[in-house]
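Chains, contacts and geometry: an overview
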Amino acid sequence: MGMTISEKILARASGQDAVKAGDIVWARVDRAMMDDILGPRVEIADKMELLKAKVWDPDRVVIVSDHYTPPANEKQAEIVRFTREWAKNHGIDHYYEFAGPCHQVMVEHGHALPGEVILGTDSHTCTYGALGAFSTGIGSTEMLGVLATGEIWLKVPQTIQVRVDGTLPDKVMAKDVILKAISIIGHNGATYKAMEFCGTTFDRMIMDERLCVANMAVEAGAKNGIIACDDITRQYLDSIGAGRGTEFASDGDASYCHTVELDAAELVPVCACPHEVDNVAPIKDRETVSINQAYIGSCTGGRYHDLKTAADWLKGKKVAKGVRLLISPASRRVWEQCARDGILTTLSEAGATVLASSCGACLGVHSGAIGAGEVCVSSTNRNFIGRMGSKKSQVYLASPLSVAVAAVTGHLADPREYE
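Thresholds, definitions, all that
- Residues numbered from 1 in each chain as written.
- Predicted model: local features only at pLDDT ≥ 70, side-chain atom pairs only at ≥ 80, totals over all residues.
- Heavy atoms only, no water.
- Helix = DSSP H or I, 4+ residues; strand = E, 2+ residues; numbered from the N terminus.
- Buried < 20%, exposed > 50% of the residue type's maximum accessible area, 1.4 Å probe, protein only.
- Contact = heavy atoms within 4.5 Å.
- Areas by Shrake-Rupley, 256 points an atom, 1.4 Å probe, with all protein chains shown as cover.
- Pairing = 2+ DSSP bridges.
- Axes fitted to C-alpha atoms, helices over the stretch in contact; angles between N-to-C directions.
- Patch = residues over 30% accessible without salt bridge, like charges linked within 9 Å, V, L, I, M, F, W, Y side chains within 5 Å.
- Salt bridge = Lys/Arg side-chain N within 4 Å of Asp/Glu carboxyl O.

1. Here's the deal with the overall build of the protein
Helix and strand content of the protein: 15 helices and 18 strands. Each principal axis of the C-alpha distribution contributes one length, and for the protein these read about 60 × 55 × 40 Å. A total of 419 residues make up the protein; the buried ones form 59% of that total. If you take every contact in the protein between residues at least 6 apart in sequence, the share linking residues at least 24 apart comes to 76%. Approximately 15700 Å² of the protein is accessible, and the part contributed by carbon and sulfur atoms is 48%.

Following this line, the structure appears as structure tokens:
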């Protein structure tokens, strides 16, 4: 029996010729990532001191302060200060602050390569699967072991194949694709499974869009999401001056526990309705929903392609009265590129407020939290109760284009119906 991409990567990492779903392996870790909210301050710093342990390889550790930057209060500022100083004291040169959400930073700076095993103290670490890596989120206690030894035990996951073929219709984005897939699989239907994305639709999908898809694999409960390397992957890696890593592809006789097949031509703009990511409906069926806030940003929907798509549609238009449109580019680099290309000016002229590159609004801790009774449509990845602020608010998830249209109309709207 052949192996999937995920199985091949875990076989390499554990020094074996072959593994199969259900096997327990000791895997060598290629990269460990921590952020400020679940980084050194949570168990790791104290326990490493207690154990008199040293970081196994500081050059393989990346720390990003992103959730609490810019700090909104003294507590957040102290957490960022602690994180910054811990990184310095442990010889970790790959420390980033005010650079943007960790997952975009990891990718942009070449810290995620094909074939690697990458672990992070954030559930959306699965994002790097867009580059053909086995990447997954772990807890702080597990990260303690990784930092001390450079290894971790993992159960080899079963793999769900998500195959999408054909050309996406106009105004349908990757966010619509992954939300549709999650609606079929369910918010826990892929628990401790790999989601492998393939098909002619993904073959043509740019890296910005692939990153959105892999990022949201965990919203179906997946251990990891992954897309095979191809010319698009290689061209992206070359464009950022990164290495090539080790490419793996699933064998023709690889075993999948389930296959989801979608015809791209039949996909439409959708939204995830409160309060579950799999509560998905065509956005045209929710046009009676008025909004107070529209948010385009985060490690899911704030990349260059996302902001350019929104700006191209918003050019010459104005945000509806009573609606707040907030923009948070996915990284400082994205912010700067959008500034150079006039994208941020276009968004601002339409009435948007451009924020720092941060996780703040997505998490509801600063820079755009919503109040009781308010409704937000967002290009982010989660909409559970209280995710973006008040527990009495409501969050709808949609593509950056659908969010832009809603900001102008003042309600959820199908972008295909608007020029």
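2. Points about the sheet that holds strand 2 (residues 31–35)
Here five strands make up an open sheet; going across it, the order is 4-3-2-5-6 and the pairing parallel. The open sheet has two edge strands, strand 4 (95–97) and strand 6 (134–137), and neither has a second partner. Strand after strand, the sheet turns through a mean of 15° between neighbouring axes, direction not considered. Where strand 2 and strand 3 (residues 61–65) come together, four bridges link them in parallel fashion. When the bridges of strand 3 are listed, methionine 34 appears paired with isoleucine 63.

3. Details of a nonpolar patch on the surface
A cluster of nonpolar side chains, Ile24, Trp26 and Trp153, forms an exposed patch at the surface whose accessible area comes to about 400 Å². Its place among the elements puts tryptophan 26 in strand 1 (residues 24–28).

4. Here we look at the environment of alanine 27
Along the chain, the position of alanine 27 falls in strand 1. Given a relative accessible area of 0%, alanine 27 falls into the buried group. Considering only alpha carbons, one finds alanine 27 and aspartate 59, 32 residues apart in sequence, at a separation of 18 Å. Setting aside residues up to four positions removed in sequence, alanine 27 forms contacts with Ala13, Ser14, Gly150, Glu151, Ile152 and Leu154.

These figures capture arrangement, not role.
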